[in-house]
Amino acid sequence: MNIDFNKSDGLVPVVIQDEQTLEVLMLGYMNQEAYEKTVQENIVTFFSRSKSRLWTKGETSNNFLHVKSIAVDCDNDTLLIKVKADGPTCHTGSRSCFNTSYNHNFIFELQNVINDRYDNPVETSYVNKLRNKGLNKIAQKVGEEGVETVIAALAETEADLINEASDLVFHLLVLLREKNLNLEVIAKNLESRHK
């Protein structure tokens, strides 16, 4: 990757983005040494302008940023790093340093929760109970929630429609996981059909 570290006194801005939700988590700076360490360890390391030293995000909090991909912009002087975060990114405890009012992409986080319930079953979780009933019951729930969503749209309040649509999306996510599919596959299919 041809990165121009000379434009801004040896530093380039780095946008950190959640690989699943695409939410911007923070902005930091890297010099060449921080970049090389990041690539070598697959954990984001910045150059701290206030401390004048390398700083690995998570070195004190254990909320590391695991590198999933790195891209450079068209001018070769800004990086976009997509990550999987171990916890909140901001030192305040927020998931993002930009303190957005809500997570615009919570549906991807919900998908991650469902995946975690599959990978690490919790006996009392609703996902686990559904999974134990098998594919037919999971598919049946999607159908039931679809019908309830239609009824709410035609004859109930907006709040009822929102609740039923939420139930439908949740159960659809469980069905997709049961069939080893995910939202990314659906998004790519929709994108290809849009062209």
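Calculation rules
- Residues numbered from 1 in each chain as written.
- Predicted model: local features only at pLDDT ≥ 70, side-chain atom pairs only at ≥ 80, totals over all residues.
- Heavy atoms only, no water.
- Salt bridge = Lys/Arg side-chain N within 4 Å of Asp/Glu carboxyl O.
- Buried < 20%, exposed > 50% of the residue type's maximum accessible area, 1.4 Å probe, protein only.
- Helix = DSSP H or I, 4+ residues; strand = E, 2+ residues; numbered from the N terminus.
- Domains from an automatic or database assignment.
- Core = buried A, V, L, I, M, F, W, Y, C linked by side-chain atoms within 4.5 Å.
- Contact = heavy atoms within 4.5 Å.

*Asks:* Please clarify how the pattern of salt bridges should be interpreted in this entry.
*Replies:* A side chain of one charge can pair with a side chain of the opposite charge when the charged atoms of the two come close. Scanning the model with the defined rule gives 7 salt bridges in all. Two residues, Arg-53 and Glu-59, come together in a salt bridge whose shortest N-O distance is 3.1 Å. Its relative accessible area of 36% is what places Glu-59 among the partly exposed residues. Close ionic contact of Asp-119 with Arg-177 constitutes a salt bridge, the shortest N to O distance being 3.1 Å. Residue Asp-119 is found in helix α2 (residues 106-119), and its partner Arg-177 is found in helix α5 (residues 158-178); the two are separated by 58 residues along the sequence. Through salt bridges with shared partners, one network takes in Lys-141, Glu-144 and Glu-145.

*Asks:* Which parts of the structure should I look at to understand the domain arrangement of the protein?
*Replies:* A common way to express how large an interface is: the accessible area buried when the components associate. Examined at the domain level, the protein breaks down into domain 1 (12-85) and domain 2 (106-194). The C-alpha-based centres of domain 1 and domain 2 are spaced at 33 Å.

*Asks:* What's the story with the nonpolar core in this structure? I'm lost.
*Replies:* Within soluble globular proteins, side chains that are nonpolar tend to cluster in buried spots. Among the nonpolar cores identified, the biggest contains 17 residues, and Val-14, Ile-16, Met-30, Val-44 and Ile-81 are the most heavily contacted of them. Setting aside its immediate chain neighbours within four residues, Ile-16 contacts Glu-23, Val-24, Leu-25, Met-26, Val-44, Phe-46, Leu-65, Ile-81 and Val-83. Core analysis: the second largest hydrophobic core is formed by 13 residues, Tyr-118, Val-142, Leu-175 and Leu-183 among them.

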